[in-house]
Amino acid sequence: MSKADAMAAKVLPLMPEPTPSEPLVEVRDLRIQLRSRDGARLLNVVNGVSFPLHRGRTLGIVGESGCGKSTTALALMGLLPGSARVAGGQVQFAGENLLAKSEKEMRELRGAKISMIFQDPMVALDPLFTIGDQLAEPLERHLKLSGAALRERQVSLLQAVSIPSPETRLGQYPHQMSGGMLQRVVGAIAIACNPALLIADEPTTALDPTAQAQFLDLLARLRDTYQLALIVVTHDFGVTARLCDDVLVMYAGSVVERGPVREIFDHPRHPYTQALLAAIPQAQEDRQGRLRTIEGQPPDLARLPQGCAFAPRCPNVRPKCHELPPPLREMGDGHVASCWRAGEV
Amino acid sequence: MLFYFFRRLGRALVTIVGISVIVFVVARLSGDPTLQLAPEDATPEELAQIRSELGLDKPIWMQYVVFVEHVAQGDFGTSIRYQQPALSLVLSVLPATLQLGLSAFVLSTIVGVLLGVVTALKRDTWIDSGLRGVVVVGQAAPSFWLGMMLILLFSVELQWLPSSGRMSLAHMVLPTMALALSSVAVVLRLTRSAMLETMSADYIRFLRSKGMSKSLIVWKHALRNASIPVIAVLGLQLSYLIGGAVIVETVFNWPGVGRLMVEALNARDFAVIQAGALLVSFFTVGANLLVDLLFGLVDPRIRYE
């Protein structure tokens, strides 16, 4: 156990090991509709997403902008925008369906049992209040801490996310800190009340490469120390490779492939996953070559094709692909993919 | 913060000097008071004598130096019309103006901010659209028209409230309303748009993800962030309400600085115009200084700049 781990373990008592068979989170057939700008149509932005997640494990949700990955994350928090509504499915969390809970009940869970980290740390904190004040808020609200106990907890939380001279930092304002530092503060706020589930939506996209690597390491350490169930929403397979146990690839609101991270990297079954992996810039090989991209445009959710949503951009398309959307099929080893040709490739 | 304060204070003093020059020059541009003081059949010699008694025959820059020297000693000159010190004349009517202006200011701040927050939170409901209708009327209706409508309704038809003078608290109600309505409209509209903007900010979403209650998010975080443009406009409203109540004071026959100034302008009573304008500009500059200080208090980024 490293020094930082030991420090972190001091802050929050380790949770008892969860029973491995029971997932902490079980999303079943989640469907979300979004009212279009003109209000005339309902778009299916999330279309039957399912996955289990155990404590201490990490799920990566990968896809292009607008594929529904962030919407899925917000639905778990109960923070969907007013124009969106849950059209079906369940989100089981510690044995309870979150989608059936009232806003008041969700407020008790948010920040206490389920926390979220957002993309841009420079705007995630209120610029007019000190770090200490914003860190104190969830502690006061959920844990009813005050006085010396509150102060002690604030300091040790900043230590747990490796922020030097925490006493000074508590009195500072967001504009006095760097992006990487602020994302650590956001992380400290997110884990302040010892949550079971942490959702990170593009947590490193706004950071410089050094800060990115440090923050991913921090997330991994927090997950292992507190046995967090971690969901990382990203468009970056590098983040996935570094942090995740399982990957869920989304396209046009649907899951196209899901499985253990090594399986997905070594044997991607869906042509979209294959194309995404091929589009990762390689430092060594193919230096002279051009960046590989995916032909065509991301789909317009208002005009999805009748068959497979990826068919218009798919290099292996067959007539059947234009007729019926392919179901998710078991590929073995917990690997599922929705492609009519998944068995052949 | 102290450095910040002194820098703003220095800027305020420069502004006051600038205003004194403008007031002094503009008052003289309005015409020659000797013609009004002298009898109609006065000879050029008599006119020249009056001018030299008033010091108007000296070059204008020398007149200004004399003016500043006197002002520094608290002497704003003597009213040509009333033959009284101009400063005491203005000071005697200042309380009436402050009473009306400050009550209109407090009213428009409280009502404007509260309704601005409500309309932002209840966006696109009947409350929102209804109050926005009131805002349009408040901004479009000229205060003299509004004042007369209020008099017609509450004084003439219903006979609930007095229409003119300054005898009791009841006399304040109508002029305060007439003066405050346009300010309420401005403050409401600005608070609403500032609140809409802050409520969609990322840190509000992060606060919600922390499980914070709606009232804490709205009143502690969103309103404080929205208050920066609102404070700026409140500063403008404060100087407008104290310095610009001329028309409302006239409609309601309210014995304030505004009415005195109109009379002084008509009579080319330089000393009174200068004293009145300078005094009102003190309040304007003071209001701006207050706004700057509030900015520093509210926003650490301004404080540490």
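The structure presented is a predicted model; accordingly, all values stated were derived computationally and were not measured.

1. Remarks on the overall build of chain A
Moving on, step 1. In terms of helices and strands, chain A carries twelve helices and twelve strands.
Moving on, step 2. For 345 residues, the compact-globule formula gives about 20 Å, and the C-alpha radius of gyration of chain A, at 21 Å, lands near that figure.
Moving on, step 3. For chain A, the spread of C-alpha atoms along the principal axes amounts to about 70 × 50 × 45 Å.
Moving on, step 4. Partitioning the contacts of chain A with sequence separation of at least 6, the portion at a separation of at least 24 is 66%.
Moving on, step 5. Accessible area of chain A: about 15500 Å², with a carbon and sulfur share of 50%.
Moving on, step 6. Distance between charge centres in chain A, computed from 37 positive and 37 negative side chains, equals 2 Å.

2. A look at the overall build of chain B
Moving on, step 1. Within chain B, the regular secondary structure consists of 14 helices and zero strands.
Moving on, step 2. Taken from the N to the C terminus, the helices and strands of chain B come in the order α-α-α-α-α-α-α-α-α-α-α-α-α-α.
Moving on, step 3. Taking all 305 residues of chain B together, 45% fall into the buried category.
Moving on, step 4. Expressed as a percentage of contacts within chain B between residues at least 6 apart in sequence, the contacts between residues at least 24 apart total 75%.
Moving on, step 5. When the accessible surface of chain B is split by element, carbon and sulfur atoms take 67% of a total near 15400 Å².
Moving on, step 6. In chain B, 23 side chains carry a positive charge and 20 a negative one; their mean positions are 21 Å apart.

3. Some details on the nonpolar core
All names here are of chain A.
Moving on, step 1. Core analysis: the largest hydrophobic core is formed by 102 residues, its most contacted members being F51, L197, I199 and I231.
Moving on, step 2. A total of eight residues in this core trace back to one element, the largest contributor, which is helix α9 (residues 209-226).
Moving on, step 3. Three or more residues apiece are contributed to this core by two domains, here domain 1 (24-244) and domain 2 (254-281 + 291-337).
Moving on, step 4. Setting aside anything within four residues of it in sequence, one finds I231 in contact with F51, L53, L59, I61, L76, L197, L198, I199 and A200.

4. Here we look at the side chain of D299 of chain B
Moving on, step 1. When you line up the elements, D299 of chain B lands in the loop between α13 (270-298) and α14 (300-303).
Moving on, step 2. With residues up to four places along the chain from it excluded, the contact list for D299 of chain B reads L128 of chain A together with I228 of chain B.

5. Some points on the interface of chain B and chain A
Moving on, step 1. On the chain A side, the residues contacting the 23 residues of chain B number 27 residues.
Moving on, step 2. Surface buried jointly by chain B and chain A totals about 2400 Å² across both partners, of which 61% is contributed by carbon and sulfur atoms.
Moving on, step 3. The salt bridge partner of K220 of chain B is D133 of chain A, with a shortest N-O separation of 3.2 Å.
Moving on, step 4. Here chain B and chain A share twelve residue pairs in polar contact (both at pLDDT 80 or more) between them.
Moving on, step 5. Breaking the side of chain B that touches chain A down by element, the ones donating at least two residues are α9 (202-209), α10 (214-243) and α14 of chain B.
Moving on, step 6. Per-element accounting of the side of chain B that touches chain A gives the leading share, seven residues, to α9 of chain B.

6. Digging into the sheet that holds strand β6 (residues 114-117) of chain A
Residues and elements named next belong to chain A.
Moving on, step 1. With respect to topology, eight strands assemble into an open sheet ordered β6-β7-β8-β3-β9-β10-β12-β11, the strand pairing being mixed. The open sheet has two edge strands with one neighbour each: β6 and β11 (329-332). Shown here is a sheet whose adjacent strand axes are inclined to one another by a mean of 20°, direction ignored.
Moving on, step 2. Where β11 meets strand β12 (residues 335-337), three bridges bridge the pair, whose relative direction is antiparallel. Each residue of the ladder has a partner; that of R329, found in β12, is A337.

7. Here we look at the sheet that holds strand β4 (residues 84-93) of chain A
Moving on, step 1. Taken in spatial order, the four strands make up an open sheet running β2-β1-β4-β5 (chain A), and their pairing is antiparallel. Each having just a single partner strand, β2 (42-53) and β5 (96-97) of chain A make up the two edges of the open sheet.

8. Side note on the packing of helix α5 (residues 86-121) of chain B against helix α12 (residues 257-267) of chain B
All names here are of chain B.
Moving on, step 1. At their nearest, the axes of α5 and α12 sit 8 Å apart, and the two run at 140° to each other. In terms of orientation, α5 and α12 fall into the oblique class. Counting all contacts with α5, which are made through L89, V90, V93, L94 and T97, the residues of α12 involved are V257, G258 and L260.

9. Description of empty space enclosed by the protein
Moving on, step 1. All chains considered together, the criterion is met by one cavity of 30 Å³ or more.
Moving on, step 2. Of the voids in this model, the largest cavity is the one considered here, and its volume is about 70 Å³.
Moving on, step 3. Across the lining of the largest cavity, the residue classes break down as nine nonpolar, two polar and no charged.

10. Describing the side chain of D292 of chain B
Moving on, step 1. Among the structural elements, D292 of chain B can be located in helix α13.
Moving on, step 2. Residues in contact with D292 of chain B, not counting those within four places in the same chain, are Y4 and R8 of chain B.

11. A word on a negative patch on the surface
Moving on, step 1. Together, E40, D41, E45 and E46 of chain B give the surface a local cluster of negative charge.
Moving on, step 2. Given the relative accessible area of 40%, E46 of chain B is considered partly exposed.

12. With respect to the packing of aromatic side chains
Moving on, step 1. One pass over the structure, following the stated rule, counts ten aromatic pairs over all chains.
Moving on, step 2. Between the aromatic rings of Y64 of chain B and F67 of chain B, the centroid separation amounts to 6.1 Å while the plane-to-plane angle is 45°, which identifies the pairing as tilted. Pair noted here: Y64 of chain B and F67 of chain B are both in helix α4 (residues 60-72), with a separation of three residues, about one helical turn.
Moving on, step 3. With 6.0 Å between their ring centres and 40° between their planes, F154 of chain B and W160 of chain B make a pair best called tilted.
Moving on, step 4. Judged by relative accessible area, F154 of chain B falls into the buried class, the value being 17%.
Moving on, step 5. Chaining the aromatic ring pairs together yields one cluster made of Y251, Y272 and F310 of chain A.
Moving on, step 6. Residue placement shows K320 of chain A over the ring face of W340 of chain A; its charged tip is 4.0 Å from the ring centre.
Moving on, step 7. Positioned above the aromatic ring of F129 of chain A, the side-chain terminus of K220 of chain B is 5.1 Å from the ring centre.

13. Focus: the state of the cysteines
Residues and elements named next belong to chain A.
Moving on, step 1. Tallied over the full model, the rule gives zero disulfides over all chains.
Moving on, step 2. C321 forms no disulfide, and the closest cysteine sulfur to it belongs to C339, at a distance of 6.1 Å.
Moving on, step 3. Look at C321 and you get buried, because its relative accessible area is 7%.

Thresholds, definitions, all that
Residues numbered from 1 in each chain as written. Chains lettered and ligands numbered in written order. Predicted model: local features only at pLDDT ≥ 70, side-chain atom pairs only at ≥ 80, totals over all residues. Heavy atoms only, no water. Helix = DSSP H or I, 4+ residues; strand = E, 2+ residues; numbered from the N terminus. Rg over C-alpha atoms; globule rule 2.2 N^0.38 Å. Contact = heavy atoms within 4.5 Å. Areas by Shrake-Rupley, 256 points an atom, 1.4 Å probe, with all protein chains shown as cover. Lys, Arg positive; Asp, Glu negative; His and termini not counted. Charge placed at Lys NZ, Arg CZ, Asp CG, Glu CD. Buried < 20%, exposed > 50% of the residue type's maximum accessible area, 1.4 Å probe, protein only. Core = buried A, V, L, I, M, F, W, Y, C linked by side-chain atoms within 4.5 Å. Domains from an automatic or database assignment. Buried area = accessible area lost by both parts, 1.4 Å probe. Salt bridge = Lys/Arg side-chain N within 4 Å of Asp/Glu carboxyl O. Polar contact = N/O pair within 3.5 Å; in protein donor to acceptor, adjacent residues only side chain to side chain. Pairing = 2+ DSSP bridges. Axes fitted to C-alpha atoms, helices over the stretch in contact; angles between N-to-C directions. Parallel < 35°, antiparallel > 145°, perpendicular 65-115°, else oblique. 1 Å grid on protein atoms, 1.4 Å probe; cavity = no way out; pocket = protein on both sides within 12 Å on 5 of 7 lines; lining within 4 Å. Points joined across faces, edges and corners; volume = space filled by probe spheres on them. Nonpolar A, V, L, I, M, F, W, Y, C, P; charged D, E, K, R; others polar. Patch = residues over 30% accessible without salt bridge, like charges linked within 9 Å, V, L, I, M, F, W, Y side chains within 5 Å. Phe/Tyr/Trp six-rings, centres within 6.5 Å; stacked < 30°, edge-to-face > 60°. Lys NZ or Arg CZ within 6 Å of the ring centre and 35° of its normal. Disulfide = S-S within 2.5 Å.

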